[in-house]
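The residues making up each chain are set out below.
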Amino acid sequence: MSELTGRLSVFKTYKLYVGGKFPRSESGRVYEVTDSKGTWLANAPLASRKDARDAVVAARKAFGGWSGATAYNRGQILYRIAEMLEGRRDQFTAEVAAAEGLSKAKAAAQVDAAIDRWVWYAGWSDKVAQIAGGTNPVAGPYFNVSAPEPTGVVAVLAPQESSFLGLVSVIAPAIVTGNTVVVAAAENAPLPALSLAEVLATSDLPGGVVNILSGRTAELSAPLAAHQDVNALDLAGADEELAKDLETAAADNLKRVLRPAPVNWTADPGTARLLTFLETKTVWHPMGV
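A quick note: this is a predicted structure, and the numbers were derived from the prediction, not measured.

### Digging into the pairing of strand E1 (residues 30-34)
In the case of a regular strand, side chains alternate between the two sheet surfaces.
And then number 1: Here E1 shows one buried face, formed by Tyr 31 and Val 33, and one open face, formed by Val 30, Glu 32 and Thr 34.
And then number 2: Taken together, the five bridges between E1 and strand E2 (residues 40-45) define a ladder with antiparallel strand orientation. Looking across to E2, one finds that Tyr 31 is bridged to Ala 44.
And then number 3: Joining the antiparallel neighbours E1 and E2 is a turn of five residues, in which Gly 38 adopts a positive phi near 90°.

Here you go:
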């Protein structure tokens, strides 16, 4: 209770983000989240295997509409996310500072970079086809055109060491090209991810395009890697041993897998992640005479 106002403190209740809604874990479990000094910050939902499966169902349901939207529209929505984050910059600066033990200035720099990254990927929405597709030369009276298409539902293990900038850097490139995602937030620093869900819910992004779970990375990743309706895995937040086990499980339905590698999340992201979760459709058509 505040001594000055006599008011009780109103603590934030963090929830999962699945299908555009904010459920608690079906298991009813929570776990303590602390800052870099061990001070309690909040209780976060400890998502279960069923929560992971529910998130996949939501992502699959949203895939048709999102992948069928125009690239221009997807770019507009990603830019809107950046707008909304700009308005809540102070909140995310405080959460990132607590999560990663950073000074306010360094945390603000991380948040600014994350906002800029949404804008950067928004700009790629209607341009990626120019670098991932085109007209192919063939020996015959045919048009031969290759065009990129989204892979489908992507399970993403968010980076453990970069709770916000790294998180944005793995979500944005997956969804801008029309994929939908199920994200396992950084295990020890999930609060910036759970707050990001509140921004996504108010930024015109259709429910189910991004689904965010908090909890034990190994517990959540196992059912996602084995799930027959997950098309790809981004293992950015997995250690080498876990990544090997997940890659083995993913082989059962030939998931596309992006293995973990050292990444400087503040550097120019390039187009690698943008192109990883795309398939190429090639169409032959006879030439008119």
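Next comes the rest of the account.
### As for a nonpolar patch on the surface
And then number 1: On the surface, a cluster of nonpolar side chains totalling about 260 Å² of accessible area is made up of Phe 143, Val 145 and Met 287.
And then number 2: Mapped onto the fold, Met 287 is located in the segment after strand E10 (278-286).
And then number 3: Accessibility expressed as a relative area gives 40% for Met 287, which makes it partly exposed.

### Description of the sheet that holds strand E8 (residues 232-234)
And then number 1: Within the open sheet, the five strands sit side by side as E7-E6-E5-E8-E9. Their pairing is parallel. The open sheet is flanked by strand E7 (210-213) and strand E9 (256-258), the only strands paired with a single partner. Averaged over all pairs of adjacent strands, the angle between their axes in this sheet comes to 15°, without regard to strand direction.
And then number 2: Strand direction decides the pairing type here: strand E5 (residues 153-157) and E8, joined by three bridges, are parallel. Residue pairing across strands places Ala 155 opposite Leu 233, the latter belonging to E8.

### Examining the nonpolar core
And then number 1: The biggest cluster of nonpolar side chains holds 59 residues, and the ones touching the most others in it are Trp 118, Ile 171, Ile 175, Leu 196, Val 210 and Ile 212.
And then number 2: With nine residues, the single largest contributor to this core is helix H6 (residues 165-176).
And then number 3: Other than its neighbours up to four places away in sequence, Leu 196 contacts Leu 85, Phe 92, Trp 118, Phe 164, Leu 167 and Ile 171.
And then number 4: With 25 residues, the next largest nonpolar core counts Ala 155, Leu 213, Leu 220 and Leu 224 among its residues.

### A look at helix H7 (residues 191-201)
And then number 1: Of all 11 residues that make up H7, nine are buried, and the element is covered over most of its length.
And then number 2: Of the positions making up H7, those classed as buried are Leu 191, Pro 192, Ala 193, Leu 194, Ser 195, Leu 196, Ala 197, Val 199 and Leu 200.

### Some remarks on the packing of helix H4 (residues 104-124) against H6
And then number 1: The contact between H4 and H6 brings their axes to 9 Å, and the two run at 10°. On the basis of their axis angle, the class for H4 and H6 is roughly parallel. Contacts between H4 and H6 pair Gln 110, Ala 113, Ala 114, Arg 117, Trp 118 and Tyr 121 from the former with Leu 165, Val 168, Ser 169, Ile 171, Ala 172, Pro 173, Ile 175 and Val 176 from the latter.
And then number 2: A class-by-class count of the residues in the contact of H4 with H6 yields 11 nonpolar, two polar and one charged.

### What about the pattern of salt bridges?
And then number 1: Scanning the entire structure with this criterion turns up 14 salt bridges.
And then number 2: For Arg 80, the salt bridge is made with Glu 83, and the minimal N-O distance between the two is 3.0 Å. With Arg 80 and Glu 83 both in helix H2 (residues 71-87), this residue pair falls three residues apart, about one helical turn.
And then number 3: What makes Glu 83 partly exposed here is its relative accessible area of 38%.
And then number 4: A salt bridge links Arg 88 to Glu 198, with the nearest nitrogen and oxygen atoms 2.7 Å apart. In this pair, Arg 88 is assigned in the loop between H2 and helix H3 (89-100) and Glu 198 in helix H7, connecting sequence segments 110 residues apart.
And then number 5: For Arg 88, a relative accessible area of 24% gives the class partly exposed.
And then number 6: Judged by its relative accessible area of 23%, Glu 198 is partly exposed.

### Some thoughts on unusual backbone geometry
When glycine is set aside, most residues are seen to have a negative phi, and most peptide bonds are trans.
And then number 1: In this structure, Asp 204 takes a positive phi of about 75° despite not being glycine.
And then number 2: Along the chain, Asp 204 turns up in the loop between H7 and E7.

### Concerning the environment of Gly 288
And then number 1: Tracing the sequence through the fold places Gly 288 in the segment after E10.
And then number 2: By relative accessible area, Gly 288 is classed as exposed at 71%.
And then number 3: Put simply, Gly 288 and Ala 243 are 45 residues apart on the chain and 51 Å apart in space, counted from C-alpha to C-alpha.

How each quantity is defined
Residues numbered from 1 in each chain as written. Predicted model: local features only at pLDDT ≥ 70, side-chain atom pairs only at ≥ 80, totals over all residues. Heavy atoms only, no water. Buried < 20%, exposed > 50% of the residue type's maximum accessible area, 1.4 Å probe, protein only. Helix = DSSP H or I, 4+ residues; strand = E, 2+ residues; numbered from the N terminus. Pairing = 2+ DSSP bridges. Patch = residues over 30% accessible without salt bridge, like charges linked within 9 Å, V, L, I, M, F, W, Y side chains within 5 Å. Areas by Shrake-Rupley, 256 points an atom, 1.4 Å probe, with all protein chains shown as cover. Salt bridge = Lys/Arg side-chain N within 4 Å of Asp/Glu carboxyl O. Axes fitted to C-alpha atoms, helices over the stretch in contact; angles between N-to-C directions. Core = buried A, V, L, I, M, F, W, Y, C linked by side-chain atoms within 4.5 Å. Contact = heavy atoms within 4.5 Å. Parallel < 35°, antiparallel > 145°, perpendicular 65-115°, else oblique. Nonpolar A, V, L, I, M, F, W, Y, C, P; charged D, E, K, R; others polar.

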